[in-house]
Amino acid sequence: MSFIRVRPAIMDDIDMVIAINIECLPEHYPLSFWVEHLKKWSDIFYVAEVDNEIVGYALSRIEEGQSYFKSSYIKMGHIVSVAVREKFRRKGIATYMILTLLNSLKSIYGAEEAFLEVRISNEPAIKLYEKLSFKVVKKLTQYYLDGEDALLMAKAL
Ligand code: ACO
Ligand code: ZN
């Protein structure tokens with residue numbers, strides 16, 4: 001049996017997180033992006049380990065903005081990037097990381113909502129977010145550099 005653990009990321013994890021990002025997603029970021037996130041929001045940046053090996057990550061930040069569900073200005077958790085290595089998918093690992101993240105966004109930062117963007121063709125991810133009760137609130141036309149549209153999905157916490 002494998003041992004699955006979700007824990008906050010630390011500086012030593014960054015190389016592996018970047019490798020997983022490059023392996024799994026077309027959106028990449030400079031080293032400074034990951035380091036800054038870790039310095040500022042280490043408690044809402046998680047990695048998942050299987051038998052002590054990092055197999056996925058979920059990264060978020062705090063922003064303020066107009067609520068997607070009511071007419072007020074609120075604190076929101078922006079889920080920036082989530083990925084799980086292919087061999088370890090469909091085991092509930094992304095679900096586990098995002099639930100942990102949502103809990104921290106609310107309990108540590110008092111965020112009232114969480115939101116994210118996802119490629120309109122990314123059926124696995126859209127299904128995952130729907131299962132976690134995220135709703136599509138907007139379509140962002142040509143959001144990505146290659147011209148693909150994004151769905152903006154949000155959830156009250
Ligand atoms: N097809 C259909 N439904 C799926 C799929 C799939 N391939 N993958 C996940 N789901 C849905 C299912 O409902 C699944 O529940 P089930 O297995 O009981 O049917 C549910 O999501 C939960 O799946 P998890 O096992 O928790 O998800 P997983 O650990 O496999 O990770 C992820 C999902 C992160 C989307 C993974 O496929 C991945 O890394 N893909 C490439 C990177 C990516 O697209 N990341 C998200 C981009 S958007 C963003 O980062 C904000
Ligand atoms: Zn985003």
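Anything mentioned here points back to the structure above.
I will try to describe carefully the structure that is included in this document. (Residues numbered from 1 in each chain as written. Chains lettered and ligands numbered in written order. Predicted model: local features only at pLDDT ≥ 70, side-chain atom pairs only at ≥ 80, totals over all residues. Heavy atoms only, no water.)

1. Notes on the pairing of strand 4 (residues 73-84)
With 10 of its 12 residues buried, strand 4 lies for the most part within the structure. Strand direction decides the pairing type here: strand 3 (residues 53-66) and strand 4, joined by 11 bridges, are antiparallel. Across the sheet, residue Ser-60 finds its bridge partner in strand 4, namely Ile-79. Where strand 3 folds back on strand 4, the antiparallel hairpin that results is connected by six residues. Bridge analysis of strand 4 against strand 5 (residues 113-119) gives three bridges, and the strand direction is parallel. What sits directly across from Gly-77, in strand 5, is Ala-114. Handedness of the β-α-β unit built from strand 4, helix 3 (residues 93-109) and strand 5 comes out right-handed. (Buried < 20%, exposed > 50% of the residue type's maximum accessible area, 1.4 Å probe, protein only. Helix = DSSP H or I, 4+ residues; strand = E, 2+ residues; numbered from the N terminus. Pairing = 2+ DSSP bridges. Right-handed = clockwise from strand over helix to strand, strands pointing away.)

2. Considerations on the nonpolar core
Generally speaking, soluble globular proteins have nonpolar side chains that are buried together. Core analysis: the largest hydrophobic core is formed by 32 residues, its most contacted members being Ile-79, Ile-93, Ile-98, Val-118, Tyr-129, Phe-134 and Met-153. Where this core is concerned, the elements lending two or more residues are strand 2 (45-50), strand 3, strand 4, helix 3, strand 5, helix 4 (123-131) and strand 7 (150-156). Sort the elements by how many residues they give to this core and helix 3 lands first, with seven residues. Those residues in contact with Met-153, other than ones at most four positions away along the chain, are Ala-114, Phe-115, Leu-116, Val-118, Ile-126, Tyr-129, Glu-130, Phe-134, Lys-135, Val-136 and Val-137. Grouped together as the second largest cluster of nonpolar side chains are 16 residues, Cys-24, Trp-34, Leu-38 and Ile-54 included. (Core = buried A, V, L, I, M, F, W, Y, C linked by side-chain atoms within 4.5 Å. Contact = heavy atoms within 4.5 Å.)

3. Digging into helix 4
Turning to helix 4, its buried residues are Ala-125, Ile-126, Leu-128 and Tyr-129. Buried positions in helix 4, seen along its axis, are confined to an arc of 160° and lie on one side of it. Seen from the open side of helix 4, the exposed residues pointing more than 90 degrees away from its buried face are Glu-123, Pro-124 and Lys-131. Just downstream of helix 4, Ser-133 is the residue with a positive phi angle, here 70°. (Arc of directions from axis to C-beta.)

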